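# Per-entry structural report
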Amino acid sequence: MDGWFRNLDWHDLAQACLDTLAMLSGALAFTVLLGLPLGVLLYLTGKRQLHARPGLYRALSVVVNMLRSLPFIILLIVLIPVTTLITGTSLGVAGAIPPLVVGCTPFFARLVETALREVDRGLVEATQAMGASTWQIIWHTLLPEARTGLIAAVTVTAIVLVDYTAMSGVIGGGGLGDLAIRFGYQRFQTDVMIITVALLILLVQALQMSGDRLVARYTRR
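Just so it is clear, the model here is predicted, and its values are computed rather than measured. (Residues numbered from 1 in each chain as written. Predicted model: local features only at pLDDT ≥ 70, side-chain atom pairs only at ≥ 80, totals over all residues. Heavy atoms only, no water.)

### Looking at the UniProt feature "transmembrane region" (unreviewed entry) in the protein
UniProt's entry tags residues 20–44, 56–80, 86–109, 150–172 and 192–211 with the feature "transmembrane region" (unreviewed entry), counted in the numbering of this structure. Annotated as residues 86–109, this span is 83% helix and 0% strand, and its ends, taken at the C-alpha atoms, are 23 Å apart. Each end of residues 192–211 is marked by a C-alpha atom, and these two atoms are 29 Å apart; helix forms 100% of the span and strand 0%. (UniProt positions renumbered as here; feature names shortened; annotations may be inferred. Helix = DSSP H or I, 4+ residues; strand = E, 2+ residues; numbered from the N terminus.)

Spelled out as C-alpha cells, the structure:
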C-alpha cells in the first residue's frame with residue numbers, strides 16, 4: 001500500500017480538502033444569499049402571480065438563462081478580469097469564489113422559483129385575503145411551505161458547486177480539482193487522481209445524505 005501511495009503528499013492533500021470546503025462554503029453562502037431573493041422575484045413577477053410583470057420576468061429570465069447556458073469553464077476564463085478586480089487575484093480560493101457564485105446563482109434561483117410554484121395557491125390567496133403584505137406572504141407562507149423544496153435546492157446546488165470547484169482547478173483555483181489536474185493528470189500520478197476522485201465522491205455523498213435527512217425531518221412535521 002505504501003508503494004501505491006508513494007506520490008501522495010498528505011499535507012498537500014489535507015490543504016486541498018480544506019480549500020475545497022472553503023470554496024464550497026463561501027460560494028454556497030453567497031449563492032443562497034443572492035439566489036433566494038432572485039428566485040422569489042422570478043416567482044412574484046411570473047404570470048398570474050402576486051406582482052405579475054411580464055416584461056421584467058422576461059428580462060430576468062433572459063439573463064438567468066444566458067448565465068445558466070454558459071459552460072462553467074468558459075465562465076471561469078471570462079470572469080478573470082472581474083475576479084481580479086474584486087479579490088485582487090484570479091488564483092486560489094479567493095479567485096474561485098466569484099465565478100462559482102456567478103455560475104450557480106442563476107441555477108439556484110430557478111430551483112427556488114420552481115419550489116415556490118409548488119406551494120398551494122389557495123394558501124397564498126388565503127393569506128392575501130387576510131390583509132397580509134407581500135413581505136408577510138413571502139416570509140410566513142411561501143418560504144415555510146416551500147421549505148423541503150428549498151432544502152433540496154440547496155443540496156443540489158451544493159453538489160453542483162463541488163463539481164465546479166473541481167473544474168476551477170484548471171485555472172489554478174486550488175482544492176482537490178487543482179491537485180488532481182497538477183499531479184494526477186499532468187504528472188500521470190494515478191494514485192493522486194484516484195484519491196482526489198474518491199474524496200470528491202465522498203463529499204457529494206455526505207452532502208446528499210445530509211440534504212435527504214433534513215428533507216425527511218421536515219416532511220414528517
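### Remarks on the nonpolar core
Grouped together as the largest cluster of nonpolar side chains are 30 residues, with contacts concentrated most on Leu 24, Phe 72, Leu 100, Leu 161, Tyr 164 and Leu 179. Non-local contacts of Tyr 164, meaning those with residues more than four positions away in its chain, are made with Phe 72, Leu 100, Gly 103 and Cys 104. One finds Phe 108, Val 124, Leu 143 and Ala 146 within the second-largest nonpolar core, a separate group that totals 16 residues. (Core = buried A, V, L, I, M, F, W, Y, C linked by side-chain atoms within 4.5 Å. Buried < 20%, exposed > 50% of the residue type's maximum accessible area, 1.4 Å probe, protein only. Contact = heavy atoms within 4.5 Å.)

### Quick notes on the UniProt feature "domain: ABC transmembrane type-1" (unreviewed entry) in the protein
UniProt records the feature "domain: ABC transmembrane type-1" (unreviewed entry) at residues 17–208, using the numbering of this structure. With 82% helix and 0% strand, residues 17–208 has end C-alpha atoms that lie 18 Å from one another.

### Quick word on the environment of Gly 149
Within the secondary structure, Gly 149 is located in helix α8 (residues 147–167). Placed 38 residues apart in sequence, Gly 149 and Leu 111 show a C-alpha to C-alpha distance of 8.3 Å.

### Some points on the side chain of Thr 141
By the secondary structure assignment, Thr 141 is in helix α7 (residues 134–145). Among the polar contacts made by the side chain of Thr 141, one reaches the side chain of Thr 127 at a distance of 3.0 Å. With near-sequence residues (within four places) excluded, Thr 141 lies in contact with Leu 123, Val 124, Thr 127 and Gln 136. (Polar contact = N/O pair within 3.5 Å; in protein donor to acceptor, adjacent residues only side chain to side chain.)

### Overview of helix α10 (residues 190–219)
Look at α10: 43 Å from first C-alpha to last across 30 residues, which is about the 44 Å you get at 1.5 Å a residue. All buried positions along α10 are accounted for by Asp 191, Val 192, Ile 195, Thr 196, Leu 200, Leu 203 and Gly 211. The inward-facing, buried residues of α10 contact α1 (10–45), α8 and α9 (175–185). (Expected span 1.5 Å × (residues − 1).)

### As for a nonpolar patch on the surface
Where nonpolar side chains cluster on the molecular surface, the patch consists of Phe 30, Leu 33 and Leu 34 and spans about 310 Å² of accessible area. Mapped onto the secondary structure, Leu 33 falls in helix α1. (Patch = residues over 30% accessible without salt bridge, like charges linked within 9 Å, V, L, I, M, F, W, Y side chains within 5 Å. Areas by Shrake-Rupley, 256 points an atom, 1.4 Å probe, with all protein chains shown as cover. Salt bridge = Lys/Arg side-chain N within 4 Å of Asp/Glu carboxyl O.)

### Points about the side chain of Gln 49
Mapped onto the elements, Gln 49 comes out in the loop between α1 and α2 (54–69). Using a relative accessible area of 15% as the deciding quantity, one classes Gln 49 as buried. Only 3.2 Å separates the side chain of Gln 49 from the side chain of Tyr 43, close enough to count as a polar contact. Apart from residues no more than four positions distant in its own chain, Gln 49 is found in contact with Tyr 43, Leu 44, Arg 117 and Arg 121.

### Here we look at the packing of aromatic side chains
A full pass over the atoms with the stated rule returns 2 aromatic pairs. Plain terms: the ring middles of Phe 72 and Tyr 164 are 4.1 Å apart, the flat faces sit at 0° to each other, and that makes the pair stacked. With Phe 72 in helix α3 (residues 72–78) and Tyr 164 in helix α8, this pair connects stretches of sequence that are 92 residues apart. The same class applies to Phe 72 and to Tyr 164, which are both buried. Both rings, one in Trp 135 and one in Trp 139, keep their centres 5.6 Å apart while their planes meet at 15°; by these two values the pair is stacked. Remark: Trp 139 and Trp 135 occur in helix α7; sequence separation between them is 4 residues, near one turn of the helix. Of the residues examined, Trp 135 reaches a relative accessible area of 56% and is grouped as exposed. Lying over the aromatic face of Tyr 218, Arg 217 brings its terminal NZ or CZ to 5.5 Å of the ring centre. (Phe/Tyr/Trp six-rings, centres within 6.5 Å; stacked < 30°, edge-to-face > 60°. Lys NZ or Arg CZ within 6 Å of the ring centre and 35° of its normal.)

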